[in-house]
Amino acid sequence: MVAQNIGFAIIAAMMIVGALRVVTTSNVVHAALWLVVVLAGAAAQYILLAAEFVAVTQVLVYIGAVMVLFLFGTMLTRSRIGRDSGLNNSYAKLGIPVAVVLFAAMALALSESFGTEKLPSDGSLVTTQQISDQIFGPYLLPFWALSFVLLVAVIGAIVLARKD
Amino acid sequence: MLVNQFLFLAALLFCIGVYGVIARKNAVLVLMSIELILNAVNLNFVAFALRNGNADGHTFALYIIAIAAAEVGVGLGLVLLIFRNRRTISLDDLSGMKG
């Protein structure tokens, strides 16, 4: 139990630092690389939560595919590869009170509703077989819809980005 | 492990993402902040899946990952198109719909 908590604390600190750097750094490529830290940390947290299939999917899809898309987007839009001072709005400071108030509200609601409730440490673990039973059972219709969304997105992205 | 430690981490990531969406001008960075928000939601889903002991949360997390990939694909396609037409991806300059 203690080891899990220490692991959680280290990974959580890493993720928070990474997330703060993503929204404050003045270099687009650095922001993408800090985002990798956050996504990898999230995958590690999924492992801590006994969700190994979601963790592997996170690594494959996010760190593998989405990050490459972001780096390509950075390259193709010819953002400055080095430091760039024009990344923030003129009213960027407005975001700080919004985020703080939002977090205060959520923290209040969370500590009221869950308090010190513990996660079950010996509960039944979810296996990958159960996930596939869910996807191809009760959630089959959303799965089909999702397939169509992906198809439309791929074709749409090609149509949008094509030079004609 | 408490339920709340994961929920607080997710709430913090969500708020950082919201700050990024408000503060950033570069469209690619706004998309990255949206990814932060989606990851926070995923963390919540997986934490609740373990708390309730069923696989629904995992299924939703997987669907969200797929939708996020589609969203980034279309979003970056749009950003590319905007860049090609306007030579800028600064969201402040896209004020063509202002009356």
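In this text the structure is predicted, and so the values were computed from the model without any measurement. (Residues numbered from 1 in each chain as written. Chains lettered and ligands numbered in written order. Predicted model: local features only at pLDDT ≥ 70, side-chain atom pairs only at ≥ 80, totals over all residues.)

(A) The arrangement of the overall build of chain B in detail. On a plain count of helices and strands, chain B comes out with three helices and zero strands. Ordered by position from the N terminus, the helices and strands of chain B form the series α-α-α. Relative to the compact-globule value of 13 Å for 99 residues, chain B shows a C-alpha radius of gyration of 17 Å, a clear excess of over 25%. Counting only C-alpha atoms and orienting by the principal axes, one finds that chain B spans roughly 50 × 25 × 20 Å. Pairs at least 24 apart in sequence give 45% of the contacts found in chain B among residues at least 6 apart. (Helix = DSSP H or I, 4+ residues; strand = E, 2+ residues; numbered from the N terminus. Rg over C-alpha atoms; globule rule 2.2 N^0.38 Å. Contact = placed C-beta atoms within 7 Å.)

(B) Here's a closer look at unusual backbone geometry. The backbone phi angle of Ala50(A) is positive, close to 60°, even though this residue is not glycine. Residue position: Ala50(A) is located in the loop between α2 (28-48) and α3 (52-76).

(C) Examining the nonpolar core more closely. Leu13(B), Met32(B) and Val46(B) are the most contacted members of the largest nonpolar core, which totals 67 residues. Residue assignment for this core shows that the elements contributing at least two residues are α1 (2-24), α2 and α3 of chain A together with α1 (3-23), α2 (27-52) and α3 (56-86) of chain B. For this core, the element with the most residues is α1(B), which contributes 15 residues. When neighbours within four sequence positions are excluded, Met32(B) is seen to be in contact with Val22(A), Ala31(A), Ala32(A), Leu35(A) and Phe70(A). (Core = buried A, V, L, I, M, F, W, Y, C linked by C-beta atoms within 7 Å. Buried ≥ 20, exposed ≤ 12 C-beta atoms within 10 Å, placed from the backbone.)

(D) Seen up close, the packing of α3(A) against α3(B). Relative to each other, α3(A) and α3(B) sit at 5°, their axes nearing to 10 Å. In this view, α3(A) runs roughly parallel relative to α3(B), as classed from their interaxial angle. Here Phe53(A), Val54(A), Thr57(A), Gln58(A), Val61(A), Tyr62(A), Ala65(A), Val66(A), Leu69(A), Gly73(A) and Leu76(A) of α3(A) lie close against α3(B), whose contacting residues are His58(B), Ala61(B), Leu62(B), Ile65(B), Ala69(B), Val72(B), Gly73(B), Leu76(B), Val79(B) and Leu80(B). Split by residue class, the contact of α3(A) with α3(B) holds 16 nonpolar, five polar and no charged. (Axes fitted to C-alpha atoms, helices over the stretch in contact; angles between N-to-C directions. Parallel < 35°, antiparallel > 145°, perpendicular 65-115°, else oblique. Nonpolar A, V, L, I, M, F, W, Y, C, P; charged D, E, K, R; others polar.)

(E) The arrangement of helix α4 (residues 95-114) of chain A in detail. Residues and elements named next belong to chain A. Compared with an ideal rise of 1.5 Å per residue, which puts 20 residues at 28 Å, α4 spans 28 Å between its outermost C-alpha atoms and is within 8% of the ideal. Burial analysis of α4 places just two of its 20 residues in the buried class, which makes it a mostly uncovered element. Looking one or two places after α4, you find Gly115, whose phi comes out positive at around 50°. (Expected span 1.5 Å × (residues − 1).)

(F) Structural detail: the interface of chain B and chain A. At the junction of the two partners, chain B supplies 62 residues and chain A supplies 77 residues. Sorting the residues of the side of chain B that touches chain A by element identifies α1, α2 and α3 of chain B as the ones contributing at least two each. Counting residues per element, the side of chain B that touches chain A draws most heavily on α3(B), which supplies 21 residues. Tallied by class, the residues present in the side of chain B that touches chain A amount to 43 nonpolar, 13 polar and six charged.

(G) Looking closely at the confidence of the model for chain B. Residues and elements named next belong to chain B. Averaged over every residue, the pLDDT of chain B is 90; the share at 70 or more is 99%. Taken element by element, chain B is modelled with least confidence in α3, mean pLDDT 90, and with most confidence in α1, mean pLDDT 94. Across the interface, the model reports ipTM at 0.90; the global pTM reads 0.91. (pLDDT = per-residue confidence, 0-100.)

(H) Molecular detail of the environment of Ala55(B). Within the element layout of this structure, Ala55(B) appears in the loop between α2 and α3. Considering only alpha carbons, one finds Ala55(B) and Ala70(B), 15 residues apart in sequence, at a separation of 23 Å. Apart from the residues within four sequence positions on either side, Ala55(B) is in contact with Val126(A), Gln130(A), Ile131(A), Gln134(A) and Ala49(B).

(I) Structural detail: α3(A). End to end, α3(A) covers 34 Å across 25 residues, agreeing with the expected 36 Å (1.5 Å per residue, within 8%). At Val66(A), α3(A) shows its largest bend, some 25°. Buried within α3(A) are the following residues: Val54(A), Ala55(A), Gln58(A), Tyr62(A), Val66(A), Phe70(A), Gly73(A) and Thr74(A). Where α3(A) is buried, its residues contact α2 of chain A together with α2 and α3 of chain B. Immediately beyond the C-terminal end of α3(A), within one or two residues, lies Arg78(A), with a positive phi of roughly 50°. (Bend = angle between axes of the 7 residues up to and from the residue.)

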